[in-house]
Amino acid sequence: MPSGSTGGPFLAVERLAKTFRLRRMLFGGGQTEVHAVRDVSFALEPGASIGIVGESGSGKTTIARMLVGLEAPTGGKIVLEGEELRPRPTRAERLRRSRVVQIVFQDPYTSLDPRQSVRRALEEIQRVHFDGRAKAERDARTGELLDAVGLGEKEARALPRELSGGQRQRAAIARALSAEPRILVLDEAVSALDVSIQAQILNLLADLRHELGLAYVLISHDLAVVRQVADEVLVMYRGRAVETGPVETILHSPRHPYTQKLLESVPRPGMRLAREPASLAADEEGCLFRNRCPYAFERCLEEPELLELDAAHAARCWLVSNGKERSANGR
Ligand code: SF4
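Our subject in this report is the structure included herewith. Predicted model only: the values in this text are computed from it and were never measured.

**Digging into the overall build of the chain**
And then number 1: Along the backbone of the chain there are 10 helices and 12 strands.
And then number 2: Here the chain, with 331 residues, has 52% of them falling under the buried criterion.
And then number 3: Across the chain, the fraction of contacts at a sequence separation of at least 24, relative to all contacts at a separation of at least 6, is 68%.
And then number 4: Carbon together with sulfur atoms contributes 49% to the accessible area of the chain, which is approximately 15700 Å² in total.

**Considerations on the sheet that holds strand 10 (residues 240-246)**
And then number 1: If you walk across this open sheet you meet the 8 strands as 6-7-8-3-9-10-12-11, and the pairing is mixed. Looking along the sheet, the strands with just one partner apiece sit at the ends: strand 6 (101-104) and strand 11 (307-308).
And then number 2: With 5 bridges connecting them, strand 3 (residues 49-53) and strand 8 (residues 215-220) associate as parallel partners. The residue of strand 8 that forms the bridge with Ser 49 is Tyr 216.
And then number 3: Along the sheet face, helix 1 (residues 60-67) touches strand 3, strand 6, strand 7 (183-187), strand 8 and strand 9 (232-237) and points at about 145° away from the line of strand 8.

**Topic: helix 1**
And then number 1: With respect to burial, helix 1 is a largely interior element, 6 of its 8 residues being buried.
And then number 2: Downstream of helix 1 by one or two residues, Gly 69 has phi in the positive range, about 85°.

**Details of the nonpolar core**
And then number 1: In this structure, Val 104, Ile 173, Leu 177, Leu 184, Leu 186 and Tyr 216 are the most contacted members of the largest nonpolar core, which totals 60 residues.
And then number 2: Among the elements that make up this core, the one with the highest residue count is helix 6 (residues 165-177) (6 residues).
And then number 3: One finds Ile 63, Ala 64, Leu 85 and Leu 234 within the second-largest nonpolar core, a separate group that totals 30 residues.

Here is what the cut-offs are and how they apply
- Residues numbered from 1 in each chain as written.
- Predicted model: local features only at pLDDT ≥ 70, side-chain atom pairs only at ≥ 80, totals over all residues.
- Heavy atoms only, no water.
- Helix = DSSP H or I, 4+ residues; strand = E, 2+ residues; numbered from the N terminus.
- Buried < 20%, exposed > 50% of the residue type's maximum accessible area, 1.4 Å probe, protein only.
- Contact = heavy atoms within 4.5 Å.
- Areas by Shrake-Rupley, 256 points an atom, 1.4 Å probe, with all protein chains shown as cover.
- Pairing = 2+ DSSP bridges.
- Axes fitted to C-alpha atoms, helices over the stretch in contact; angles between N-to-C directions.
- Core = buried A, V, L, I, M, F, W, Y, C linked by side-chain atoms within 4.5 Å.

Coordinates in, geometry out; function isn't part of it.
Put into structure tokens, the structure is as follows:
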């Protein structure tokens, strides 16, 4: 657990950025920069839940990977319980972080060893994090974890491939909980499941949050999923946060043209976002949504900051500055 708390938010993400340098295959070779995440900030208190939504290429999964140390930020910082996390943690620091923050992936095989029974997977994590725990105590804890995620003895003895998709995701959640974290990063954790199983896992996550006081960072392209689990939402477009606020406010009164487009174009009740490939070219200026925005005007050649609509709601659009509305004629 990080030490040296300064009394700030439980988790603070401040101006986080990630730039990938890629080899250019055309135009004479060399390197090109891709800004996957640009200047993203948010905070999370114990037991709170934030949803990060956006289409493919918006940078939301890169944020998830930076939170758990799988990617090193190239800018900004992550502060956990008052301690700034180093971009390239040592093994000991990574282990300490994983006691506080765990991740559940879309594909449970990413975290479950296909040759290991569910019971063994849960025991292994306990051995890593709670070395001094007696076997009887570990067994009791394994039983509690299985109960908590709704798996029985039969599933505990099974290999991942012998489980259904929903059971496998329950096992992956139990494995993450074995470290007794305080934050779960859920990276499209229900996207691969059919709708009825998805609903069961979302109910399970809601119950676990309530019972264990867990905080969630929920990464999803599905606004319906975000609505069920998150209190706050951060809408991402091409690496930037373009709108943030309480989930019901964003769903009912979206103010950024991109958020409005998402909500207008998606069929309810699923409310899935379009999977448009996002261009990540680094050398553009102005508002990144300019070429798709029906309201673009001259000022949009400058990039707007996130502009506050009220204490909890902000949008990165010049139309919301100085009380202007999207319907204003004076743009
Ligand atoms: Fe559209 Fe301009 Fe607002 Fe960008 S800043 S979303 S281009 S109106």
